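Here are the chains, one letter per residue:
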Amino acid sequence: MDFGINELKAIPYGKRLKCAVCEEDLKPPIIELPDLPLTEILVNEKQETNIGFIDQNFHLCENCGHGQLSTIIDPEILYESSYSFRTSGSASSVSGNDFFHEFIKQVIKNRQFKTIIEIGCNDLYLLNKLKDDAERLIGIDPILRKSDEILPDSRISIIGDFFDNIDLGDLAGSGDVLVISSHNLEHIEEPRSMIRKLLEYSSQDTLFIFQFPCIETLVEENRFDQIFHHHIHYFSLQSFEYLLNNLNAKIIDFTTNQSHWGSLLVAFKKGNNKGTFASSYFNLINSEKIIEDYKIYRKRMFLTNEYLKASKFPLYGYGAILTLPILAYHLQNDFSAFEAVLDDDKNKEGLFYLNLPVPIMNTSKINDFRGGSILLTAINHLRKILPKVIKLNPKQIILPVNSI
Ligand SMILES: [Zn+2]
């Protein structure tokens, strides 16, 4: 957590001018997010100055249906300063990866691969689950660069480097290969060049299965708090299919996972253009729909905040999610009137968000919630945490959204 707060007083960034999928010029943004806070940075002390804010813009490309941000923050700022977390430490990541694993098994059935490569393998949770499906499994992830990872199986090896630095010829050159990637593509500035490189090194039989957040489900669930600086890309089925077809690849199968970032899960391979999935998908989106739905989202956040401001009871948040500053941003409430944001993770005890003047407190520190109000701040996992909060028996439970 020792990254130098001063660096965040002038955040380095670049500007995208062209669509990352079809390379058309970006039209003006459909959502402007002035002073959008940085997320995922926890610090030891409450910050007295307002830092970690930068203007962001969300664009939808009308040509290919791709959603994207145009302010691209230096990845070192975003990732070096982050509170690090690994897949197994987060219940939501585990369930998201279990769902992804089920989809992979549904697509590959009993097929045995020579090699399975995972791009962004995190703590090897997924590769470990797939270890009987290949002769060798290779995880690629720069976060593993400095760590002495204990490999869970002799068939698994890791490359602790950025994807761009890796010679794929060595990895994908021969035999039956499966390439998987979970929640990686949305973070990369140039997903088109990454997929082009992968396809170049693959054979006709190489199978790809990726998952990433999806703009259709974001709009469907009215979850505009899922737009934040780390996620540069918001693929639609239409834009992902456009990208693949344009690079002479095709979708084989897809599904969505509403409860985990509204993820889109897609299996694809090399092949002639067959752009049929998106055109048959029921939920094509457009700028007008997103603008209208964003207005509804803003109204909902306004009403929740009015309710919070009128509360006469001690207020607590429940769930110190890493994107909490985004919820605070849309609520226009910095939680300074809150006693604490509660969390069951003891490692977060006493920490603060870079840009929110409220401490994180372990839930077990409070014996009696009967006089208090709890706002469910862990908005990505509301179904999971609601039963826990009901057990705490507070005076009020406040939901920031209307449906869960
Ligand atoms: Zn485009």
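Residues numbered from 1 in each chain as written. Predicted model: local features only at pLDDT ≥ 70, side-chain atom pairs only at ≥ 80, totals over all residues. Heavy atoms only, no water.

Q: For this particular structure, what's the right way to read the domain arrangement of the protein chain?
A: A common way to express how large an interface is: the accessible area buried when the components associate. In terms of domains, the protein chain is made up of domain 1 (5–80), domain 2 (87–285) and domain 3 (289–398). The gap between the C-alpha centroids of domain 1 and domain 2 is 23 Å. Contacts between the two partners involve 27 residues from domain 1 and, on the opposite side, 22 residues from domain 2. Summed over both sides, the interface of domain 1 with domain 2 buries roughly 2,200 Å², with 62% coming from carbon and sulfur. The largest per-residue losses of area from domain 1 upon contact with domain 2 belong to Val21, Leu69 and Tyr79, which jointly make up 21% of the total buried on that side. At the boundary of domain 1 with domain 2, the tally comes to 3 salt bridges. Residues glutamate 23 and arginine 192 are paired through a salt bridge, measuring 3.6 Å at the closest nitrogen-oxygen approach. (Domains from an automatic or database assignment. Contact = heavy atoms within 4.5 Å. Buried area = accessible area lost by both parts, 1.4 Å probe. Salt bridge = Lys/Arg side-chain N within 4 Å of Asp/Glu carboxyl O.)

Q: Help me understand the pairing of strand S13 (residues 249–257) in this model?
A: Looking along a regular strand, one sees the side chains alternate between the two faces of the sheet. Bridge count for S13 against strand S14 (residues 263–270) is 8 bridges, and the pairing is antiparallel. Across the sheet, residue threonine 256 finds its bridge partner in S14, namely leucine 264. Connecting S13 to the next strand, S14, in antiparallel fashion are 5 residues, including tryptophan 261 with a positive phi near 60 degrees. (Pairing = 2+ DSSP bridges. Helix = DSSP H or I, 4+ residues; strand = E, 2+ residues; numbered from the N terminus.)

Q: Got a minute to help me understand the coordination of the zinc ion in this structure?
A: For a metal with four donors in a tetrahedral arrangement, the ideal angle between donors is 109.5 degrees, while six donors in an octahedron ideally sit at 90 or 180 degrees. Donor atoms from the polypeptide that coordinate the zinc ion comprise Cys19 (SG), Cys22 (SG), Cys61 (SG) and Cys64 (SG), at 2.3 Å from the metal. Taken together, the 4 donor atoms coordinating the zinc ion and their angles of 100 to 118 degrees define a geometry best described as tetrahedral. On the primary sequence, the residues serving as donors to the zinc ion are separated as C-x2-C-x38-C-x2-C. With cysteine 22 in the loop between strand S1 (13–15) and strand S2 (31–37) and cysteine 61 in the loop between strand S4 (53–60) and strand S5 (67–69), the pair connects residues that are 39 residues apart, well separated along the chain. Note on accessibility: cysteine 22 and cysteine 61 belong to one class, buried. (Donors = N, O, S within 2.8 Å, 3.2 Å for Na, K, Ca; no water. Tetrahedral: all angles 85-135°; square planar, octahedral: opposite > 155°, others 65-115°. Buried < 20%, exposed > 50% of the residue type's maximum accessible area, 1.4 Å probe, protein only.)

Q: How should the packing of helix H9 (residues 287–310) against helix H10 (residues 324–331) be read in this particular structure?
A: Axis angle and axis distance: for two packed helices, these are the angle between their axes and the distance between the axes, and together they describe the pair. Two elements in contact, H9 and H10, have axes whose closest approach is 8 Å; the angle formed by their N-to-C orientations is 90 degrees. Comparing their axes, H10 and H9 come out roughly perpendicular. The segment H9 lies against H10, with Tyr294, Tyr297, Met301, Thr304, Asn305 and Leu308 engaging Leu327, His330 and Leu331. Split into classes, the residues belonging to the contact of H9 with H10 amount to 6 nonpolar, 3 polar and no charged. (Axes fitted to C-alpha atoms, helices over the stretch in contact; angles between N-to-C directions. Parallel < 35°, antiparallel > 145°, perpendicular 65-115°, else oblique. Nonpolar A, V, L, I, M, F, W, Y, C, P; charged D, E, K, R; others polar.)

Q: Could you clarify how one ought to interpret the packing of aromatic side chains in this entry?
A: Each aromatic ring pair is summarised here by two numbers: the centre-to-centre distance and the angle between the ring planes. Counting across every chain of the model gives 13 aromatic pairs. Pairing phenylalanine 212 with phenylalanine 240 gives two aromatic rings, centres 4.8 Å apart and planes at 50 degrees, and the pair type is tilted. Of this pair, phenylalanine 212 sits in strand S11 (residues 207–213) while phenylalanine 240 sits in helix H7 (residues 237–246), placing them 28 residues apart in sequence. Considered together, phenylalanine 212 and phenylalanine 240 belong to a single accessibility category, that of buried residues. Taken together, Phe208, Phe210, Phe212, Phe235, Phe240 and Phe268 form an aromatic cluster joined through their ring pairs. The positively charged end of lysine 197 is found above the aromatic ring belonging to phenylalanine 163, 4.9 Å away from the centroid. (Phe/Tyr/Trp six-rings, centres within 6.5 Å; stacked < 30°, edge-to-face > 60°. Lys NZ or Arg CZ within 6 Å of the ring centre and 35° of its normal.)

Q: I would appreciate a short explanation of the environment of leucine 342 in the present structure.
A: Relative to the helices and strands, leucine 342 resides in strand S16 (residues 340–343). Looking at leucine 342, the relative accessible area reads 0%, which means it is buried. C-alpha separation for the pair leucine 342 and glycine 319, spaced 23 residues apart in sequence, amounts to 5.8 Å. Other than its neighbours up to four places away in sequence, leucine 342 contacts Tyr316, Gly317, Tyr318, Gly319, Ala320, Met361, Thr363, Ile366, Phe369 and Ile374.

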